[in-house]
Amino acid sequence: QVQLVESGGGLVQAGGSLRLSCAASGRTFSSYTMGWFRQAPGKEREFVAAIGWGGGTTYYADSVKGRFTISRDNAKNTVYLQMNSLKPEDTAVYYCAARQLHVSDSRDVYDYWGQGTQVTVSS
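What counts as what
Throughout this document, residue positions are counted from 1 along each chain, in the order its sequence is written. Thresholds applied to this predicted model are a pLDDT of at least 70 for local features of residues and 80 or more for the giving and counting of side-chain atom pairs; totals over whole chains, interfaces and linings are not thresholded and use all residues. The basis for every side-chain value is the complete set of heavy atoms in the structure, and neither hydrogens nor water enter the calculation. For salt bridges, the criterion is a side-chain nitrogen of Lys or Arg within 4 Å of an Asp or Glu carboxyl oxygen. Numbering of helices and strands runs from the N terminus, with a helix taken as a DSSP run of H or I at least four residues long and a strand as a DSSP run of E at least two residues long. Exposed residues in this analysis have more than 50% of their type's maximum accessible area, buried residues have under 20%, and partly exposed residues fall in between, with area computed by a 1.4 Å probe over protein chains only. Any two strands are treated as partners once DSSP identifies two or more bridges connecting them. Two cysteine sulfurs form what is called a disulfide whenever their separation falls within 2.5 Å. Polar contacts here mean pairs of N or O atoms no more than 3.5 Å apart (in protein, one a potential hydrogen donor and the other a potential acceptor; neighbouring residues in sequence count only if both atoms are side-chain atoms). Only heavy atoms enter the contact rule, under which two residues are in contact if any of them lie within 4.5 Å.

Caption draft 1: Molecular detail of the pattern of salt bridges. Taken as a whole, this structure holds five salt bridges when the rule is applied. A salt bridge links Asp 90 to Arg 38; its shortest N-O distance comes to 2.9 Å. Separated by 52 residues along the polypeptide, Asp 90 in the loop between β8 (78–83) and β9 (92–99) and Arg 38 in strand β4 (residues 33–39) bring together distant segments of the chain. Across the salt bridge formed by Asp 90 and Arg 67, the nearest N and O atoms sit 2.8 Å from each other. Taken as a pair, Asp 90 in the loop between β8 and β9 and Arg 67 in the loop between β6 (58–60) and β7 (68–73) lie far apart in primary sequence, 23 residues in all. Neither Asp 90 nor Arg 67 differs from the other in exposure class; each is buried. Put simply, Arg 38, Glu 46, Arg 67 and Asp 90 are held in one network by salt bridges that share partners.

Caption draft 2: Broad picture of the pairing of β9. With seven of eight residues buried, β9 lies mostly within the body of the structure. For β4 and β9, the ladder comprises seven bridges, and the chain directions are antiparallel. Pairing of Met 34 across the sheet is with Ala 98, part of β9. The pairing of β9 with strand β10 (residues 112–113) spans two bridges and is classified as antiparallel. Paired with Ala 98 across the strands is Tyr 112, a residue of β10.

Caption draft 3: Representation of the state of the cysteines in the model. Under the defined criterion, the tally for this structure stands at one disulfide. A sulfur-sulfur distance of 1.9 Å marks the disulfide that ties Cys 22 to Cys 96. The disulfide joining Cys 22 to Cys 96 has a torsion of about 45° about its S-S bond and is therefore right-handed. Of this pair, Cys 22 sits in strand β3 (residues 18–24) while Cys 96 sits in strand β9; the two residues are 74 residues apart in sequence, bridging distant segments of the chain. Judged by relative accessible area, Cys 22 falls into the buried class, the value being 0%.

Caption draft 4: Spotlight on the pairing of β3. Across the seven residues that make up β3, a large majority, five, are buried. Relative to β3, strand β1 (residues 4–7) runs antiparallel, the two being bridged by four bridges. Looking at the pairing, Leu 4 lines up with Ala 24 of β3. With six bridges joining them, β3 and β8 adopt antiparallel strand pairing. The partner of Arg 19 across the bridge, within β8, is Gln 82.

Caption draft 5: The arrangement of the side chain of Arg 72 in detail. Mapped onto the secondary structure, Arg 72 falls in strand β7. Of note is the side chain of Arg 72, whose polar atom sits 2.7 Å from the backbone oxygen of Tyr 32. A distance of 2.8 Å separates a polar side-chain atom of Arg 72 from the backbone oxygen of Gly 52. Residues within four places of Arg 72 in sequence aside, it is in contact with Phe 29, Ser 30, Tyr 32, Thr 33, Met 34, Ile 51, Gly 52, Trp 53, Gly 55, Thr 78 and Val 79.

Given below as C-alpha cells:
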C-alpha cells in the first residue's frame, strides 16, 4: 500500500511558477513509477507527466513539454512537479499517482492516488 499527499498548489499569475510535491508513505517508494495528472472543472482527468523508478525515464504531455519538469527524490519518498511559464489553461486540481510497472500516460493503470492540490493561474 502507498499513501500519497500532494502539496504546493496555490494561486499564481500567468507566466509564474509553482512547484508541487507529493510525499509517499511506505518503504518501497523507489519501486514505483510516479505520475502527475490534472482535472479541470467539467473535464476528464488528464495525464501531465510521469517518471520511472530511478528517475531516468520521464514522459510529458505535449501541452506541458518544455514548461514542466518532473523529478523524484527516493531518499525523501517524494516526487516533484516544477511548473514554469504557467498559463490559465493549466488551472486544475493536480493529482499524483503511483504504479509498480513501467511509465504510462493512462490514468486507468495507476493503482494509488493522492487527494489532489488546487492550482489556479490568473490571466
